[in-house]
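One-letter residues, chain by chain:
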Amino acid sequence: MAAFIEIKNLTKKYRLGQEIITALDNVNLSIAQGEFLCILGTSGSGKTTLLHIMAGLEKPVRGEVLVKGVSLTKMKEKDMAYFRRKHMGFIFQSYNLIPTLTAVENVALPLIFDGVEKKEREKRARDLLIQLGLKERLKNKPTEMSGGQQQRVSIARALVNNPKIIFADEPTGNLDSKTTKEIMDILYERVKASGVTLIMVTHDLDLAHYADRVIHMVDGQITKIVEKGVSA
Amino acid sequence: MNKLDILKLAHRNLWRRKARTILTVVGVMIGTTAIVVMLSLGIGLKESQRKSMERWGDLNMIRVQQGINFDREGKPLGEAKKLDDAAVAEIKAIEGVVAVSPAYESGGEAKFGRKRGHIQLIGIDPEEMVNLEFTASLGRLLKAGDRNVMVVGSQVINNFRDEAEIRKMQRGMMFYEGPRRLERKDPGEMMDQRIAMEIRNNSNHEKKRIFNFQVVGVLEGEFKQHAYQAYAPIEDIKRMRKFMMEGTQNGGGDPRMMREIAMKTGGEVRATSSRRPMQGYDPDDYNFLLVRTEDVTKTREVSDILRERGYNTYSIADQLEGIEKTSRTIQAILGGIGGITLLVAAIGITNTMIMSIYERTKEIGIMKVIGATFQDIHAMFLAEAGLIGLMGGTIGLGLSYLVSYIINHFSRNFMSRGLPPGEEVMGISLIPPYLALFAMAFAVLIGVIAGLYPANRAVRLSPINAIRNE
Ligand SMILES: Nc1ncnc2c1ncn2[C@@H]1O[C@H](COP(=O)(O)OP(=O)(O)O)[C@@H](O)[C@H]1O
Ligand SMILES: [Mg+2]
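This is a predicted model, so every value here is computed, not measured. (Residues numbered from 1 in each chain as written. Chains lettered and ligands numbered in written order. Predicted model: local features only at pLDDT ≥ 70, side-chain atom pairs only at ≥ 80, totals over all residues. Heavy atoms only, no water.)

## Comments concerning the overall build of chain B
Helix and strand content of chain B: twelve helices and twelve strands. Counting the 470 residues in chain B, one finds 48% classified as buried. Sequence-distant contacts, at least 24 apart, represent 79% of the contacts inside chain B between residues at least 6 apart. (Helix = DSSP H or I, 4+ residues; strand = E, 2+ residues; numbered from the N terminus. Buried < 20%, exposed > 50% of the residue type's maximum accessible area, 1.4 Å probe, protein only. Contact = heavy atoms within 4.5 Å.)

## Let's talk about the overall build of chain A
A tally of helices and strands in chain A yields six helices and ten strands. For chain A, the C-alpha radius of gyration of 18 Å lies close to 17 Å, the compact-globule estimate for 232 residues. Expressed as lengths along the three principal axes of its C-alpha atoms, the size of chain A is roughly 45 × 45 × 40 Å. For chain A, contacts bridging at least 24 residues in sequence account for 70% of all contacts bridging at least 6. Put simply, chain A shows about 10,400 Å² of open surface, and 49% of that area lies on carbon and sulfur atoms. Across chain A, the 34 positively charged side chains and the 27 negatively charged ones have centroids separated by 5 Å. (Rg over C-alpha atoms; globule rule 2.2 N^0.38 Å. Areas by Shrake-Rupley, 256 points an atom, 1.4 Å probe, with all protein chains shown as cover. Lys, Arg positive; Asp, Glu negative; His and termini not counted. Charge placed at Lys NZ, Arg CZ, Asp CG, Glu CD.)

## As for the sheet that holds strand E5 (residues 70-71) of chain A
All names here are of chain A. Spatially, the four strands line up as an open sheet ordered E2-E1-E4-E5, and their pairing is antiparallel. Among the strands making up the open sheet, the edge pair consists of strand E2 (19-31) and E5. Relative to E5, strand E4 (residues 62-67) runs antiparallel, the two sharing two bridges. Within E5, the position partnered with Leu66 by the bridge is Ser71. Sheet strands touched by helix H1 (residues 47-54): strand E1 (5-16), E2 and E4. Its angle to E1, the strand with the most contacts, is close to 120 degrees. (Pairing = 2+ DSSP bridges. Axes fitted to C-alpha atoms, helices over the stretch in contact; angles between N-to-C directions.)

## Some words on the site of ligand 1
The immediate surroundings of ligand 1 are formed by 13 residues, with Gly44(A), Lys47(A), Thr48(A), Thr49(A) and Arg468(B) found nearest. Residues close to ligand 1 are split across chains A and B. Ser45(A) is positioned such that a nitrogen or oxygen atom in its backbone is 3.2 Å from an oxygen atom of ligand 1. The separation between an oxygen atom of ligand 1 and a polar main-chain atom of Gly46(A) is 3.1 Å. The protein chains hide 73% of the 560 Å² of surface that ligand 1 would expose on its own. Contributing elements (two or more residues each) for the shell around ligand 1: E1, E2 and H1 of chain A. (Near = heavy atom within 4 Å. Polar contact = N/O pair within 3.5 Å; in protein donor to acceptor, adjacent residues only side chain to side chain.)

## A look at the packing of helix H5 (residues 147-159) of chain A against helix H6 (residues 177-194) of chain A
Residues and elements named next belong to chain A. It is the contact of H5 with H6, at a shortest axis distance of 10 Å, that shows an interaxial angle of 15 degrees. By the angle between their directions, the pair H5 and H6 is classed as roughly parallel. Where H5 crosses over H6, the handedness of that crossing is right-handed. Residues Gly148, Gln151, Arg152, Ile155 and Leu159 of H5 form the contact with H6, whose own contacting residues are Thr179, Glu182, Ile183, Ile186, Leu187 and Arg190. A breakdown of the residues in the contact of H5 with H6 according to their chemical character gives five nonpolar, three polar and three charged. (Parallel < 35°, antiparallel > 145°, perpendicular 65-115°, else oblique. Left-handed = near helix turned anticlockwise from the far one by under 90°. Nonpolar A, V, L, I, M, F, W, Y, C, P; charged D, E, K, R; others polar.)

## Here we look at the sheet that holds strand E9 (residues 213-218) of chain A
Residue and element names in this part refer to chain A. Within the open sheet, the six strands sit side by side as E6-E7-E8-E3-E9-E10. Their pairing is mixed. Two strands lie at the open edges of the sheet, namely strand E6 (88-92) and strand E10 (221-227), each paired on one side alone. Within this sheet the neighbouring strands show an average axis-to-axis angle of 15 degrees, counted without direction. Helix-sheet contacts for helix H2 (residues 77-87) involve E6 and strand E7 (165-169), and the interaxial angle to E6 is about 80 degrees.

## Some points on a nonpolar patch on the surface
Together, Leu402(B), Tyr405(B), Ile406(B) and Phe410(B) make up a nonpolar patch on the protein surface, roughly 470 Å² of accessible area in all. Taking the relative accessible area as the measure of exposure, Tyr405(B) reaches 56% and is therefore exposed. (Patch = residues over 30% accessible without salt bridge, like charges linked within 9 Å, V, L, I, M, F, W, Y side chains within 5 Å. Salt bridge = Lys/Arg side-chain N within 4 Å of Asp/Glu carboxyl O.)

## A word on helix H4 (residues 118-131) of chain A
Taking 1.5 Å per residue as the helical rise, H4(A) with its 14 residues ought to reach 20 Å, and the 20 Å between its terminal C-alpha atoms agrees with that figure. Within H4(A) the residues assigned to the buried category are Arg121(A), Glu122(A), Ala125(A), Leu128(A) and Leu129(A). Relative to the axis of H4(A), the buried residues are bounded by an arc of 130 degrees and lie together on one face. Elements in contact with the buried residues of H4(A): helix H3 (103-113), H5 and H6 of chain A together with helix H1 (3-14) of chain B. Phi for Gly133(A), located one or two positions after H4(A), is positive at around 85 degrees. (Expected span 1.5 Å × (residues − 1). Arc of directions from axis to C-beta.)

In structure tokens, the structure reads:
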């Protein structure tokens, strides 16, 4: 059976003045549909770079990313934007909500770009936010919410377009341990309920147990793959 | 992304930095006001010139005169055309011509009741008078079959004085106070009166004859040229001329007229006393032809055609053209001054947008990551810039109306001084609807153009840099 996401010989280099940094070094990986994949590694190991290339936000020096056989690395910018809007969701460490928009509007933003009507998109955003426990914060701006609440808004935003893949880059990196657990529980529940593929980057070993599979990265290379149930 | 959403988002983003946006809008507002007020002055100027020309004469009337045309260097162009019935027929056939009447000009001492004075009498085809768009304020115009009647201009009465007035004038008790201040007499006084015109023979000044006319109407318009003239059927004038020229050696011709022709043609005045008749002029030729056209544009077209054919034409519309050229230049200068102000405002918009893009780099990146296309980002920033233009343009237009009102209010006293009483005082600043529309569209366009560069910058921003800075 062909994998849902196929990563072949991915190499990425950055130039930093005179120095050339190899952020990814010949990475190969297959991801199944509906899988919760955790990419674990210390800071600077290339996790974010891998995530960005998988999301078509950056182009690799060499190699290819295929989603259902379609090459993202060869896709044109406009088609890629369209692909992200239709099939991908994003969760960031620092939430990255738009400060001027309310919770509902932030969640509805991907649908605005997709041309969904205001009534429809705001209803979907509201429903999601209520499901995530933010009934009292619908009309609040990001600055009026706690970190955990903001991250829940951002999860709702990632889910609103019913994506096939969600990318989460250190989603709990800015949260305390209690909130981290809350957020992870919500995220886990959501992805399992919807069958979405979740690719989560973290340096926190404690989060690994949520994942179906954990990929360990060191210096741009995959050093270890751990399946669920097998302790690291 | 749907258009309304783009506008709403743009609007929202603008008000994040109220002070900055307001200042930028004020810039556009001042620019728009400058351009609109400047152009309104130009338009007002042109309009008031047109009005004063109209007051003086008709814009769709051409006078075809005897004599030939000259080029810029003063060299005659072609041969003089004869003004005869063939010419009348020829001109009538030109497209855009409504009516043509031949005319003789004559004048002389006249008396009515106990008053004496002078009348400048023009003989025209009585049938054509109504088509020439004369209007009578009292009585009627000339009509076919009229004989020994005249229609007088409303100022003609002011040329007549009774014995008492003449004595007063002779004693120097009446100071010349300028025609405006002179007491106006009621032109109705002449209605139905019998005017006796005393005509002298050209070669024998002792020989004179009285020609009687009955006034059947008074012409409308106090300030037009025809206000000082009287009109009579052309056949009556022909009889007068016949008497005037009886026994003239060179076959006739009013000596004044001949002198006039000589001057017009650049010839010598000597021609009047010469035994040879001046070449190309038949004393029976009409003095001039009056041609009525459909409108001002036709007046120009017909004038051009006539000049090409060698006719010597005169129309107020010709002068209007020159005046329009001048006022177009003035308008261009005034508009240019306003344009510079708006250019400065446009730079303000660009500056504001660039600053705003710097501040929102991260946000733009996020939008791109979650699915905004280049076009979406581009449209959003253009919409913001366009909105600044629209707001500045709208407020600026409102302000322009106010400024225009104030200018007109204060210039009114000053302006009305030169105008005849009863005449509507026109503002020197005019904002016609097309100018208002143009100003708004222009302000928005300027905004959008000013937004192009920043919008392109926003599009080029890398989404990665935006979200990597964590
Ligand atoms: N735009 C860039 N220019 C230069 N070097 C970069 C750039 N982005 C990432 N890197 C380098 O690539 C390596 C991998 O970075 P990253 O993928 O962000 O690691 P991680 O997310 O695991 O912390 C690091 O050494 C980082 O400094
Ligand atoms: Mg990282």
